[in-house]
Structures are given as C-alpha cells and as structure tokens.
Amino acid sequence: MKRITSIIISLLCFSCFCQSKELVLISGTTTTLRKAISQLNGVGTINIDGRIIIDSNVTIPSGIKLKITEKGIFNIENAVQFKIEGVILAGYHRIFTDQVVFSEGSIPEIHSEWFGNNEMAVNYALLSAKKIPVRIAEDIIVTNTIYIESYQTLLINNGTKILPSRSMAGSSVITNKNETDTDITIIGGTIDGSQADAVAYEGVLFNNVDNSLIKNLSCLNVHITASTDTGNIRLNNCNYVLIENCNITGTWKMGIFILNGTCNTIFGGRFYGTHDSAIGVVNSFGTTIAELYVDNCGTSDGSNMSLNSEALLVINNVSINAKGKNNGNGMTLGHDGSPASNSVCINNIIKNNRAKGIFIQGKNTKNVLVFNNMIIGNGKYSEGTNSGGIAVYSYTEGHLLSDNIIVGNRLGVSLHRTSKNVSIINNHIASSTLCGIRNDGENIQIIDNYLSNDKNIYNGMNHKNLSFRNNVTTVKTIDRE
C-alpha cells in the first residue's frame, strides 16, 4: 500500500455534542500542511512532531490549533510569509526559525522562546506579535538591543533575568524602535549585570515615547559606560510615562534619569547603592516622584535624588543615608539652568544624609513648598557650612517651609545670602547641633514655630528684614552678628 508521505492521520476524541479531529505531522512542507488543513475542513488540531519546511506563503485559519511538541519546528524559508490566525499550543521551546505573522487576538500571548533563547528571538517575537503581548519566561544573554514599538507589550516573568554581555557596550538593552512611539508596556523581570564584564548604556531607553508603562522591572549591578548623565532606566523627551515599582541596586550612573518631557511619574520602588543619584530629573515639567525608598545612593558625591525641573510633586518618599561628602543630600531641588520652581515636597521622610536633607538651589528657582516632612539627623557628619535639615541657596526666592519636623540635624534650616522672601512657618525645629535657623536671607518670615536649640537663630551679616513672631522657644535669646 502506497504510503501517504509524511502524514499520519488519527481520528480522536468524539463527544455527544461535537466531533473533533486531530492529525499528526512528523515532516513535510507547506503543501503537506495545506493538505492537513484541507483534511480537517479548516477545523481541528494538527500535532507537529517533526520539521515542517514552510517554503511558500500559507495561512493557518482560525479554526486550526497547532500543537507543537519539543521535536516539532517550522523551518521558515526567506521571504516567505507564515500567517497564523489559529491557536498555538506549545511549551517554552523553539518552534519557529524566523518571524511569522500572528493575527491580532488569535492567542493571548506569544512566548519569545518559540523563536530561540537570545535577543534575536525576542525581536522576532515582537515583530511577529504586533499588539499581542510577548512573554520572556527563561533567562537570556543579550549581545544586541531588544526593540519594542507602539502598542506592544513585553512581559518578563518574575525571577527571569536578561543578562547583558560585554559586547553590549554602547547599546541599550531594551529601547523603542521608531523615531516616536506610544503605548508601550514593559512589565517584570531583572536586567542583571552581575556577571563579569557585563556593560550597557541603559537598561531601558525610551526616546520620544508617550503614554507608556515600565513596571516591576529590577536592574542589578548594570555597569553603564556612557560618559554623559544617564541611568538604568532613561526617558528622553517623553510624556505621560509611568515607571512603577522598579527596583535598582548597585549600578553606575543613575537609577532612573528623565531628560525633558512632561508629566512623567516614578511611583514605588527601592533604590540602593547607585553610583550617581537614584533619581535624576531635568526639565521634565510636572513630573511626580512618589512612594520611593532610596538608601545610600549618589556614592560618587551626588544626592539621593537630583530633581531639576519645574512643577514637581515629590510625595511620600523615604530618602536616607546619602553618603557623598559635599553633595550627599536627601534630595536636591533645582540647578542653574534647570530651576525647580512651583514644586511641592510633601510627606517625605528624609533621614541621616551626610550633607543636607533638602537642598533648594538653582538661579530662578521660585515658590517651592516644603510641607509636612520628617527631616531627621542630616548633616551631622559633614563639615559643610550649611549642612543640615533644609538649605535654601542663593538666588532662589518665594519658598514656604511649613509644618515640618526638623530634628537632630547639624543645622535645622539654613538660608544663604541673596535668598529672598522665604517663610518658615509652624515647624518643629529641635536638637540641632549648631543652631535651629541660620539666616543670611532677605525678607524672611519666621512665624509660629517651636524652636528648641542652644541657639535658636543665628543671623549672619547679610540678613535683611527679618520678621520673627509668635514662635515658642526654649532659649529666649536670638544671636545676631
């Protein structure tokens, strides 16, 4: 009896409601696959248990399920379109040698392992998926960049690692593909540079991306070689991007760096031991930084957070143990050329930073509100003249420091010369090593505070027009120079 080449047909699984058919293919070509689809009248399951060569264009209809064993694989020849409108049933093993075309909605997600186990496999999966989410389930070593574009989702299993290799130098691990993109989602996983000689420019780089999400991503010991400011996660000219619950440990450069854009948000996450600041923001109007835990960052003499943008909301963060000798601040608001005007710093815990708890600086930084923060034990190990709880630098004005607990700092509040129109109202300032308030500013109001220090106020030679009233003090004298 003449054997039908490469097709073994099994009729399986009948029920009282319907009849379903399955075929098994152990080898063949596109012609073989078409015959199997025809045999099933476009409805049923085709089990792939060997190599099928796709040598001409073919479409798997929506009624067909392809169940692919570990022995099964589709060998796709150059310039051939393999379109899948049906369902794929396969484990985390390779089933395609090149990209395919999935119809939107045909399956809930695509496994990058279906295309291999490196960054090329992930790129093939993303090219094939379009808007279908792509999942990485197993660790991969990457030597080139993974590219993601508008409306795509990349899911990385918790505990799964992306491992940049030495040849990543000068490249980002993940970046957006086009000149502008929107609605990109990256969730989960760890970019781990702990292995020897692993370097990259960024873990995730977004250029001109809007309305996107990076969530639950960890970056560990990524050695960034870029000579300019950058970070494990970097946004350039992005708008309405949410970075949520991302954890960054032991990296060179910054943890997260945002340059230009509007209304981006960093929410949640833990940051430890970054060489530069954990968070850097420059000219990203209306950015929110909330619910972060930042510990021992800026080890190269930077702040835990360096926030140089207008209309910031900095809320409900913990910033502790910045160790930089001169600039080891809990957070810095503003810089020359990048003022932090009209920003709000509220409900933060800022503790045991080497230099200053909160440092307001930058020419033309105006109208910063520092409200209801707990600022404890800052500046105690620094020799800086103005180290302590809150320092307001020269050429800034119009700030309100209100309802803060400022306890056990080297200085409680320090106002530099040419700072103007600062109101210090209803704060609890106690147990400062040097004095509660050091004032060299102009048109300063100190009202309704509780002051408990050996020296409540030290007025320097540059101070002008001090209004001091309704304060509760344990030492009634006010030292003046």
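These figures come from a predicted structure and were not determined experimentally.

A few words on the sheet that holds strand β4 (residues 58-60). Spatially, β4-β7-β9 is the arrangement adopted by the three strands of the open sheet, whose pairing is parallel. Each edge of the open sheet is held by one strand with a lone partner, namely β4 and β9 (101-102).

This next bit is on helix α1 (residues 30-39). An α-helical turn contains 3.6 residues, so any two residues separated by three or four positions project in the same direction. Among the residues of α1, those classed as buried are T30, T32, L33, A36 and I37. Angular distribution of buried residues about the axis of α1 spans 160 degrees; they occupy a single face of the element. Along α1, exposed side chains directed more than 90 degrees from the buried face belong to K35 and S38. Positive backbone phi, approximately 55 degrees, marks N41, located one or two places after α1.

Under the definition given, this model contains four salt bridges. Where K83 meets E85, a salt bridge forms, and the shortest distance between an N and an O atom there is 3.7 Å. Overall, the relative accessible area of 26% leaves K83 in the partly exposed class. E85 gets classed as partly exposed once you look at its relative accessible area, which sits at 30%. Taking the shortest distance from any N to any O, the salt bridge between R135 and E109 comes out at 2.7 Å. Placement of R135 in strand β11 (residues 134-136) and of E109 in the loop between β9 and β10 (110-111) is noted, with a sequence separation of 26 residues between them. What makes E109 partly exposed here is its relative accessible area of 21%.

Moving on, we come to the packing of aromatic side chains. Across all of its chains, the model carries six aromatic pairs by this definition. When the centroid spacing of 5.2 Å and the interplanar angle of 35 degrees are considered together, the rings of F96 and F115 count as tilted. Of the two residues, F96 is situated in the loop between β8 (87-89) and β9 and F115 in the loop between β10 and α2 (119-129); the sequence distance between them amounts to 19 residues. You'll find F96 and F115 in the same group, each marked buried. Linked through ring pairs, F74, F82, F96, F102 and F115 together constitute an aromatic cluster. The residue whose ring lies beneath R270 is Y293, and the NZ or CZ to ring-centre distance is 4.2 Å.

This paragraph deals with the nonpolar core. Counting 104 residues, the largest nonpolar core has F74, F82, F96 and F102 as the members making the most contacts within it. If we ignore the near neighbours within four places in the chain, the residues touching F102 are I84, I88, F96, I107, I110, W114, F115, S128 and I132.

Moving on, we get to the environment of T228. Tracing the backbone through its elements, the reader meets T228 in the loop between β24 (223-224) and β25 (231-244). Between the alpha carbons of T228 and K253 there is a distance of 8.8 Å; along the sequence they are 25 residues apart.

With that settled, consider unusual backbone geometry. If a residue is not glycine, its phi is most likely negative; likewise, a peptide bond is most likely trans. Of note, N208 is a non-glycine position whose phi angle comes to about 55 degrees, a positive value. Counting through the fold element by element, N208 comes out in the loop between β21 (202-207) and β22 (209-215). The phi dihedral of D448 falls on the positive side, at around 60 degrees, and the residue is not glycine. The topology assignment puts D448 in the loop between β49 (442-447) and β50 (450-452). Overall, the relative accessible area of 38% leaves D448 in the partly exposed class.

Once that is clear, we can look at the side chain of E113. As for its placement among the helices and strands, E113 is situated in the loop between β10 and α2. Buried within the structure, E113 lacks any salt-bridge partner; R135 is the closest side chain of opposite charge, at an N-O distance of 8.0 Å. Of note is the side chain of E113, whose polar atom sits 2.8 Å from the backbone nitrogen of E138. Excluding its chain neighbours within four sequence positions, the residues that come into contact with E113 are Y92, H93, R94, R135, I136, A137 and E138.

Here we take up the confidence of the model for the chain. For the chain, mean pLDDT is 90; residues scoring 70 or higher make up 92% of the total. Confidence drops under a pLDDT of 50 for residues 1-19, and excluding neighbours within four residues, the segment shows 24 contacts in the predicted structure.

We now examine α2. Counting buried positions over the 11 residues of α2 gives eight, a clear majority of the element. Looking at the packing, one finds that the buried side of α2 touches β9, β10, β11, β12 (140-142), β13 (146-148) and β14 (153-156). Of the residues that open α2, the one with a side-chain oxygen 3.1 Å from the backbone nitrogen of M120 is N118. At the C-terminal side of α2, K130 shows a positive phi close to 55 degrees.

Inspection of the secondary structure puts T230 in the loop between β24 and β25. Side chain to side chain, T230 and E202 meet in a polar contact 2.7 Å long. Side-chain polar atoms of T230 contact the side chain of R234, separated by 3.4 Å. Apart from the residues within four sequence positions on either side, T230 is in contact with Y201, E202, I224, K253, M254 and F257.

Each value, and the rule that gives it
Throughout this description, residue numbers start from 1 for each chain and increase along the sequence as written. This being a predicted model, a pLDDT of at least 70 is required before a residue's local features are given, and a value of 80 or more before pairs of side-chain atoms are given or counted; all residues contribute to the totals for chains, interfaces and linings. The basis for every side-chain value is the complete set of non-hydrogen atoms in the structure, without hydrogens or water. Whether two strands pair depends on DSSP finding at least two bridges between them. Put simply, DSSP H or I for four residues or longer makes a helix, DSSP E for two residues or longer makes a strand, and each gets a number counted from the N terminus. Accessibility here uses a 1.4 Å probe with only protein chains present; expressed as a share of the type maximum, an area under 20% marks a residue as buried, one over 50% as exposed, and anything in between as partly exposed. What the arc covers is the set of directions going from the helix axis to the C-beta atoms. By definition, a salt bridge exists where a carboxyl oxygen of Asp or Glu is found within 4 Å of a side-chain nitrogen of Lys or Arg. Two aromatic rings, drawn from Phe, Tyr or Trp (for Trp, its six-membered ring), form a pair once their centres lie within 6.5 Å of each other, and the interplanar angle then sorts them: stacked below 30 degrees, edge-to-face above 60, tilted otherwise. Only lysine NZ and arginine CZ atoms are considered, and such an atom sits over a ring when it is within 6 Å of the ring centre and within 35 degrees of the ring normal. Only buried Ala, Val, Leu, Ile, Met, Phe, Trp, Tyr and Cys residues count toward a nonpolar core, and they belong to the same one when joined by side-chain atoms within 4.5 Å. Contact definition: two residues touch when any of their heavy atoms are within 4.5 Å. We count Lys and Arg on the positive side and Asp and Glu on the negative side, and we leave His and both chain ends out. As used in this structure description, the phrase polar contact means that two N or O atoms lie within 3.5 Å; if the pair is within protein, one of them must be able to donate a hydrogen and the other to accept it, and residues adjacent in sequence are counted only when both atoms belong to side chains. Residue-level confidence of the predictor is what pLDDT reports, using numbers from 0 through 100.

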